[in-house]
Amino acid sequence: MLEVKGMSKTYGKHLALSDCGFTVQKHEILGVCGENGSGKTTLFRCLMGLIAKDEGEIRVGGKKIDEGVRSSFGYLPEQRSLYTDLSIEDTLVHYGRLRNMERDAIDRRIRELYASFDFTIALKTKVGSLSKGNQQKVQFMACLIHDPQIVILDEPFTGLDYVNLEKTQSFLMDLAKKGKCILLSSHQYDELDAICNSLLILKEGKTMDYGNLDRMKNEVGKCTVKVNSQVPVLQHLKEDETVEIVGNSSIIQTQTPQRAKKLMNLLAKDEAIRDLAMERIKVKELIRLRCTP
Amino acid sequence: MTELILFGLKRRFLNKTFLISQLLLIFLLASLMNADKIALYFGFTPPGHLPLSLMEKASEVDEAFANAYGFTLQEKATLSVVKIVGGYEVLNSAQLDGIHRLQLQAYLTTLSKNEFLALRNPSVAELIQEYESVEIRFDTPMEIRAVGKESFVFMILTAVYFMVLNFAAMTSNEVVSEKSANVLDMVLSAADAKSHYRAKLFGGWLTMILQGCFALGTLGVFAMLRNQSDLGKGLLVWASQFGLVDREVTSFRALFEMLDLDFSFGMTIALCVFFLLCGMAILQIIMTVIATKLKSAEEASILQGPVYIFLLILYYVALSQNTIPRLSQGFGKIASYVPISSMLFMPMRLLSLKLGAGEILLSGCVAITSLLTLLFAGQRIYEKGLRHEKIFKKCIVKNRAK
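The shown structure was predicted, so the numbers you read here are calculated from the model rather than taken from an experiment.

Caption draft 1: Just the overall build of chain B, in detail. For chain B, the count of helices and strands is 17 helices and 5 strands. Across chain B, the fraction of contacts at a sequence separation of at least 24, relative to all contacts at a separation of at least 6, is 70%.

In structure tokens:
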């Protein structure tokens, strides 16, 4: 379990992070999100000891950890941080050896990661000749080479195509199932919605909301009901409910999940209605709500 | 293309590092232009004027003559002259090299003539007939040193010294380029800054040693091949035209014999290399630690200019002090105890003088202590520099969340 309390960081007069705290359990994926400049990367770099935090405490398994390297963590930086003149194999071996792994273990781990990422590019290929997405994958593998318990990923979905996006999502969920604690930040909110168990929303360094994602969505209460647009629905709606036509569907916004269920039951009685689905508020909408005064 | 040039110039000159390096340069050049005043302020003897005491009171004229011959008269000085029957004896003359002995002889001869003239007021004929040249005796005979081998070794040390200029910058450039390429994020997530620092320094030293060994090995191979060809005669005869070796040395074997590599000389060379390496290591640590504060390769290159100029000034100052009297006392002696300058001055003193074990030990201890202090203090500054942490004060969190 990773526990963070009171994390703060100031760059000169600029408050980058203020009194940030959270807990990440095993099997949990915590999504860290917010506007640009909200302090996500600063938080991760403080956690990794890459920058010195001004205040705060970090505990792993109940034990306070020292300043410096969190060698049991796996960290994927936001930017590419690879030696472009090295081959994929040399890169992964280098980072494995930095973590005192034996060559056999590194080779075994490379095979596992290649299979997990469905990576087929030859090991001798120079990193500099890879596409942005493939470099991201190599960097991802380098971050996981030592099979860390705590994985910190800063914008892991950047540069990935749709297919690899899904594969990465699935990979992260598998990692969580294996008992890892995963922190990740992203501006791709659909991905956060799909895989995160909990969410930390930052704005200008301050925590706007934090907690279990389901609870946060339930607290907000807003839901959408989607129905095929040929069917008239206005007579079923209350004054504070809105409907929006998107393609062949009508999207109805309700204020509570209970109201959404009631509306669905009403609409289900209409034999003309074919498609009916209820969705809770999305992460994107949640962030907008929390960050807008 | 204009934009590229302007962009490059902006990155090189519009930064804090350039400002600091220019201030450093201004300070160095101002010191150079006022070196005489600085020397006077610190009480260093004017160049060439050795303190000399005469057993009898000297007249003003004699004082003026003394200055002209490169001596300054003092009541009490280590180097002293006493009158003996038929001439003078110079006491504590071990510190004098050949040139100063000749100058002293000329001065004392002039002194004697002036006395004769003052006492007798002779005519020219009487002067020629009656004046007898004086005997000038030195209590310590001048040691005929095989100057050749010391010069040869000093030539090699000079070459190694100028390698320092490159070596000092090498590690700092590596750190700056890793920072610029964002590689440090991944590296420091796996290894701590302390290990990174030590790896950079030790890696740098190993690189230097390996490069040196490779260079020496390659030189040795080509020397052997040349020896097989003509025993090195053609090369050495050609080199003697430029005064690099004596004319008598016409083979590699003769060159080795000239070096006369006995245990004592071997120890001298080993000590010279030790002091040179200490100085190099100190410079390397300083440059590496400064690199953590630099933001780009352009800033790093701007900083190297003043450092090179400083090292060159040090070298030329060392050359100017390369005489036995100046190395025995005054600036040359003091500089051989100061870290960084000792990497030149101590080898010069070791090659020119017979130093006591105490002096060598003291200078060595100062060098090692400085190196170790910088090594550990530098580690803390390096760690804080890589983590963007202030060195001396802790940040205070302002505007905490309400």
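Having seen the structure, we can now continue with the description.
Caption draft 2: Looking closely at the domain arrangement of chain A. Residue and element names in this part refer to chain A. For chain A, the assigned domains read domain 1 (2-217) and domain 2 (221-291). Each of domain 1 and domain 2 was reduced to a C-alpha centroid, and the two centroids are 36 Å apart. Contacts between the two partners involve 16 residues from domain 1 and, on the opposite side, 10 residues from domain 2. Both faces considered, domain 1 and domain 2 share a buried interface measuring about 1200 Å² in area, 64% of it formed by carbon and sulfur atoms. Considering only the surface of domain 1 that becomes buried against domain 2, Y189, I201 and K217 emerge as the three largest contributors, covering 44% of it.

Caption draft 3: Seen up close, the interface of chain B and chain A. Across the boundary between the two partners, chain B contributes 23 residues, which contact 32 residues of chain A. The tally of links from chain B across to chain A stands at 1 salt bridge. Where chain B touches chain A, the interface holds 5 residue pairs in polar contact (both at pLDDT 80 or more). At 7 residues, helix α8 (residues 183-190) of chain B tops the list of elements feeding residues into the side of chain B that touches chain A. Class assignment for the residues of the side of chain B that touches chain A results in 12 nonpolar, 4 polar and 7 charged.

Caption draft 4: Spatial organisation of the nonpolar core. In this structure, A:L2, A:M7, A:F22, A:L43, A:L47, A:I152 and A:L183 are the most contacted members of the largest nonpolar core, which totals 80 residues. Per-element accounting of this core gives the leading share, 13 residues, to helix α12 (residues 263-291) of chain B. Beyond its immediate stretch of four places on either side in the chain, A:M7 contacts A:L17, A:S18, A:D19, A:C20, A:L43, A:C46, A:L47, A:K53, A:E55, A:G56 and A:I58. In this structure, A:C33, A:I110, A:L113 and A:I281 belong to the second largest nonpolar core, which totals 52 residues.

Caption draft 5: Structural context of the packing of aromatic side chains. One pass over the full model with this rule turns up 8 aromatic pairs over all chains. In textbook terms, an aromatic cluster arises when at least three aromatic residues are bridged by ring pairs, as seen for A:F117, A:F140 and A:F171.

Caption draft 6: Seen up close, the sheet that holds strand β4 (residues 87-91) of chain B. All names here are of chain B. Judged by pairing direction, the sheet is mixed, and its 5 strands sit side by side in the order β2-β1-β3-β4-β5 without closing on themselves. Taken across any chain shown, the strands that pair with only one partner, and hence form the sheet edges, are β2 (71-73) and β5 (135-138). Shown here is a sheet whose adjacent strand axes are inclined to one another by a mean of 30 degrees, direction ignored. Bridge count for strand β1 (residues 50-54) against strand β3 (residues 80-84) is 2 bridges, and the pairing is parallel. Its bridge partner being in β3, L54 is matched across the sheet by V81.

Caption draft 7: Region of interest: the packing of helix α16 (residues 342-352) of chain B against helix α17 (residues 357-386) of chain B. All names here are of chain B. Orientation of α16 relative to α17, taken along the N-to-C sense of each, is 165 degrees, at an axis distance of 12 Å. With respect to α17, the axis of α16 lies roughly antiparallel. When the axes of α16 and α17 are compared, the crossing they make is left-handed. On the side of α16, the interface is formed by S342, M346, R349 and L350, while α17 contributes E359, I360 and S363. Here the contact of α16 with α17 is built from residues that sort into 3 nonpolar, 2 polar and 2 charged.

Caption draft 8: Region of the structure containing the sheet that holds strand β7 (residues 150-154) of chain A. Residues and elements named next belong to chain A. Taken in spatial order, the 6 strands of this open sheet run β6-β7-β8-β3-β9-β10, and their pairing is mixed. Of all the strands in the sheet, just β6 (73-76) and β10 (206-212) have a single pairing partner and so form its edges. Neighbouring strand axes in the sheet, compared pairwise and without regard to direction, differ in orientation by 15 degrees on average. The pairing of strand β3 (residues 29-34) with strand β9 (residues 198-203) spans 5 bridges and is classified as parallel.

Caption draft 9: Here's a closer look at the pairing of β7(A). Residues and elements named next belong to chain A. When you tally the buried positions in β7, you get 5 out of 5 residues, the bulk of the element. The alternating pattern of β7 places I150, I152 and D154 and V151 and L153 on opposite faces, both of which are buried. Relative to β7, β6 is paired through 4 bridges, and the arrangement is parallel. The residue bridging Y75 from the neighbouring strand is I152, located in β7. Summarising the sheet, β7 and strand β8 (residues 181-185) pair through 5 bridges and their orientation is parallel. The partner of I152 across the bridge, within β8, is L183. The parallel pair β7 and β8 is bridged by helix α5 (residues 162-177), and the resulting crossover is right-handed.

Caption draft 10: The pattern of salt bridges, seen in detail. Residues and elements named next belong to chain A. Counting across every chain of the model gives 18 salt bridges over all chains. For R103, the salt bridge is made with E89, and the minimal N-O distance between the two is 2.9 Å. In this pair, R103 sits in helix α3 (residues 103-117) while E89 sits in helix α2 (residues 88-98), placing the two residues 14 residues apart along the sequence. Overall, R103 belongs to the partly exposed group, its relative accessible area being 31%. Measuring nitrogen to oxygen at the nearest pair gives 2.8 Å for the salt bridge that ties E112 to R109. Taken together, the residues span about one helical turn, with E112 and R109 both in helix α3 at a distance of 3 residues. Take E112: its relative accessible area is 39%, and that puts it in the partly exposed class. Look at R109 and you get buried, because its relative accessible area is 12%.

Caption draft 11: Geometry of unusual backbone geometry. One non-glycine residue, A:D19, lies in the positive phi region at around 50 degrees. The topology assignment puts A:D19 in strand β2 (residues 14-24). One non-glycine residue, B:I340, adopts positive backbone phi at about 75 degrees. Within the secondary structure, B:I340 sits in the loop between α15 (331-335) and α16. Among the residues examined, B:I340 registers a relative accessible area of 15% and is labelled buried.

Caption draft 12: Quick look at the side chain of A:R99. Along the chain, A:R99 falls in the loop between α2 and α3. Buried charge without a partner: A:R99 forms no salt bridge, and the closest opposite charge is A:D147, 11 Å away. Within polar-contact distance, the side chain of A:R99 engages the side chain of A:H146 at 3.1 Å. Once residues within four sequence positions are removed from consideration, A:R99 is found in contact with A:S71, A:F73, A:A142, A:I145, A:H146, B:S189 and B:A190.

About the criteria used
Residues numbered from 1 in each chain as written. Chains lettered and ligands numbered in written order. Predicted model: local features only at pLDDT ≥ 70, side-chain atom pairs only at ≥ 80, totals over all residues. Heavy atoms only, no water. Helix = DSSP H or I, 4+ residues; strand = E, 2+ residues; numbered from the N terminus. Contact = heavy atoms within 4.5 Å. Domains from an automatic or database assignment. Buried area = accessible area lost by both parts, 1.4 Å probe. Salt bridge = Lys/Arg side-chain N within 4 Å of Asp/Glu carboxyl O. Polar contact = N/O pair within 3.5 Å; in protein donor to acceptor, adjacent residues only side chain to side chain. Nonpolar A, V, L, I, M, F, W, Y, C, P; charged D, E, K, R; others polar. Core = buried A, V, L, I, M, F, W, Y, C linked by side-chain atoms within 4.5 Å. Buried < 20%, exposed > 50% of the residue type's maximum accessible area, 1.4 Å probe, protein only. Phe/Tyr/Trp six-rings, centres within 6.5 Å; stacked < 30°, edge-to-face > 60°. Pairing = 2+ DSSP bridges. Axes fitted to C-alpha atoms, helices over the stretch in contact; angles between N-to-C directions. Parallel < 35°, antiparallel > 145°, perpendicular 65-115°, else oblique. Left-handed = near helix turned anticlockwise from the far one by under 90°. Right-handed = clockwise from strand over helix to strand, strands pointing away. Lys, Arg positive; Asp, Glu negative; His and termini not counted.

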